[in-house]
Amino acid sequence: MRIVALVGLGMSPKQVARISKKYPVEIAPSLVHEHHETLTNYAHRWADQLQLTSEDILIGFSFAGPIALEIASYKGSKACILVSTFGSPNEMPSVHRKALQLGLHKWIPYSIGWKFGTWWAKRKGILTVQNKRSIHAIQRETPPDFYRWVLEELKNWEGAQPSCAVLRLHGTHDRIIPVSEGTPGVDFIPGNHFLLSSREALFLIQDKVDTFISNVAL
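So, a few notes on the structure that sits alongside this text. Residue positions are counted from 1 within each chain, in the order its sequence is given. Only residues with pLDDT of at least 70 get local features here, since the model is predicted, and only at 80 or more are side-chain atom pairs given and counted; chain-wide, interface and lining totals rely on the full set of residues. To get the side-chain values, all heavy atoms of the structure are used, and hydrogens and water are removed first.

Notes on the overall build of the chain
Argument step 1. Along the chain, the regular secondary structure elements total nine helices and six strands.
Argument step 2. Throughout, exposure labels follow a simple rule: accessible area from a 1.4 Å probe, protein chains only, divided by the maximum for the residue type, with under 20% read as buried, over 50% as exposed, and the rest as partly exposed. The 218 residues of the chain split such that 49% are buried.
Argument step 3. Taking as baseline every contact in the chain between residues at least 6 positions apart, the subset at least 24 positions apart corresponds to 62%.
Argument step 4. Method for areas: the Shrake-Rupley scheme with a 1.4 Å probe, in which residue coverage is limited to the protein chains shown. Carbon and sulfur atoms make up 54% of the accessible area of the chain, which totals about 11,300 Å². Counting from the N terminus, the helices are the DSSP runs of H or I reaching at least four residues and the strands are the DSSP runs of E reaching at least two. Contact between two residues is taken to exist if any of their heavy atoms lie within 4.5 Å; hydrogens are not considered.

Quick look at the structure:
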């Protein structure tokens, strides 16, 4: 059994590897998308490159959550852990969906888009002292073409419902991917979108992840 983490945009692999105290977590190397490739096809190609099997457990963070669900469905994975991400297309905020449908991510220059996004994030209380470094890491480390592709494919994603056990962990104050606290099947952790950057949240997550994996591995 392998536990493989698909890292979200701008996230630190070292930080992700700490999600479990009991089990070793393998960080999947990044994969460059192909021209006109769908998110589903990208997920299948990534799964094949990683040589994943039905005995493996996947962890998907942020944008990589839908990819983890697609792989789990494709490979019949043992289990899937979703952190700060979507469980279905319906969970994408309407304001984000409308912006993507208008194609703003395609024709607005990348630098201007980030300036507007930063202004909007400050106004909505998303950009704070606690997560400022993480958000800037996304901007600094993500190639513009890949970022635009991610947004386009999230807009087109039709969802995936694997038959395996799923653990969902989400911040109570996640304003990047806000999920209602009444959403079934979600364990809410005090914190924002970047849960692993909080020591208190990390401890809670580690306990939940290790208990989940132990139960699944039986």
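What follows continues from the structure just given.
Observations regarding the side chain of His 193
Argument step 1. Of note, His 193 is situated in the loop between strand S6 (186-189) and helix H9 (199-217).
Argument step 2. The class of His 193 is buried, set by a relative accessible area of 8%.
Argument step 3. Within the structure, the side chain of His 193 is placed 2.8 Å from the side chain of Asp 174, a separation counted as a polar contact.
Argument step 4. Leaving out residues up to four positions away in the same chain, His 193 has contacts with Ser 62, Ser 84, Asp 174, Ile 176 and Ile 177. Residues adjacent in sequence count toward polar contacts only when both atoms are side-chain atoms; beyond that, a polar contact is any pair of N or O atoms within 3.5 Å, and within protein one must be able to donate a hydrogen and the other to accept it.

A few points about unusual backbone geometry
Argument step 1. Positive phi, close to 65 degrees, is recorded for His 36, a residue that is not glycine.
Argument step 2. Here His 36 lies in the loop between strand S2 (26-27) and helix H2 (39-50).
Argument step 3. In this model, Gln 51 sits at a positive phi of 55 degrees, which is unusual for a non-glycine residue.
Argument step 4. Mapped onto the elements, Gln 51 comes out in the loop between H2 and strand S3 (57-61).

Brief notes about the packing of H2 against helix H3 (residues 64-75)
Argument step 1. Note on geometry: axes are C-alpha line fits, over the in-contact stretch for helices, and angles between N-to-C directions span 0 to 180 degrees. In contact at an axis separation of 9 Å, H2 and H3 are set at 65 degrees when each is read in the N-to-C sense. Our pair here, H2 against H3, has a crossing hand that is right-handed. Within the contact between the two elements, H2 uses Leu 39, Thr 40, Tyr 42, Ala 43, His 44, Trp 46, Ala 47 and Asp 48 and H3 uses Pro 66, Ile 67, Glu 70, Ile 71, Tyr 74 and Lys 75.
Argument step 2. Of the residues belonging to the contact of H2 with H3, the class tally is nine nonpolar, two polar and three charged. Helix crossings are classified by the rotation of the near helix relative to the far one: an anticlockwise turn of less than a right angle makes the crossing left-handed, while a clockwise turn makes it right-handed. Lys, Arg, Asp and Glu make up the charged group, whereas Ala, Val, Leu, Ile, Met, Phe, Trp, Tyr, Cys and Pro make up the nonpolar group; the residues left over, Gly among them, are polar.

Section: H9
Argument step 1. For H9, spanning 19 residues, the distance from its first C-alpha to its last is 27 Å, which sits close to the expected 27 Å at 1.5 Å a residue.
Argument step 2. All buried positions along H9 are accounted for by Ala 201, Leu 202, Ile 205, Gln 206, Val 209, Asp 210, Phe 212, Ile 213, Ser 214 and Val 216.
Argument step 3. As for H9, its buried residues are in contact with strand S1 (3-6), S3, strand S4 (79-83), strand S5 (165-171) and S6. Every helix has an expected span of 1.5 Å times one less than the residues it contains.

Considering the side chain of Glu 91
Argument step 1. By the secondary structure assignment, Glu 91 is in the loop between S4 and helix H4 (94-101).
Argument step 2. Among the polar contacts listed, one links the side chain of Glu 91 to the side chain of Arg 168, at a separation of 2.9 Å.
Argument step 3. If sequence neighbours within four positions are ignored, Glu 91 has contacts with Thr 85, Phe 86, Arg 168, Pro 178, Val 179 and Thr 183.

Section: the environment of Leu 196
Argument step 1. Assignment of secondary structure puts Leu 196 in the loop between S6 and H9.
Argument step 2. Among residues more than four places away in sequence, those in contact with Leu 196 are Met 11, Gln 15, Val 16, Phe 61, Leu 202 and Ile 205.

A short note on the packing of aromatic side chains
Argument step 1. Aromatic contacts are taken between Phe, Tyr and Trp rings whose centres are within 6.5 Å, Trp giving its six-membered ring; a plane angle under 30 degrees counts as stacked, one over 60 as edge-to-face, and the others as tilted. For the structure shown, the criterion picks out five aromatic pairs.
Argument step 2. With a centroid separation of 6.4 Å and 50 degrees between ring planes, the pair formed by Tyr 42 and Phe 146 is classed as tilted. Pair noted here: Tyr 42 is in helix H2 and Phe 146 is in helix H8 (residues 144-156), with a separation of 104 residues, a long-range link. As far as burial versus exposure is concerned, Tyr 42 and Phe 146 are alike and both buried.
Argument step 3. Among the aromatic residues, those joined into a cluster by ring pairs are Tyr 42, Trp 46, Phe 63, Phe 146 and Trp 149.

Some thoughts on the pattern of salt bridges
Argument step 1. One side-chain nitrogen of Lys or Arg within 4 Å of one carboxyl oxygen of Asp or Glu is enough to make a salt bridge. What the rule picks out here adds up to nine salt bridges.
Argument step 2. Here the residues in one salt-bridge network are Glu 34, Glu 37 and Arg 45, joined through shared partners.

Examining the pairing of S3
Argument step 1. Where burial is concerned, most of S3 is hidden: five out of the five residues are buried.
Argument step 2. The alternating pattern of S3 places Ile 57, Ile 59 and Phe 61 on one face and Leu 58 and Gly 60 on the opposite face, and all of these are buried.
Argument step 3. A pair of strands is considered paired only if DSSP assigns at least 2 bridges between the two. With four bridges connecting them, S1 and S3 associate as parallel partners. The partner of Ile 3 across the bridge, within S3, is Ile 57.
Argument step 4. The sheet contact formed by S3 and S4 spans five bridges and is parallel. Among the inter-strand pairings, Ile 57 is bridged to a residue of S4, identified as Ala 79.
Argument step 5. Classification remark: right-handed applies to a crossover when, strands pointing away from the viewer, the course from the first strand over the helix to the second runs clockwise. In the classification by handedness, the crossover that spans S3, the intervening H3 and the parallel S4 is right-handed.

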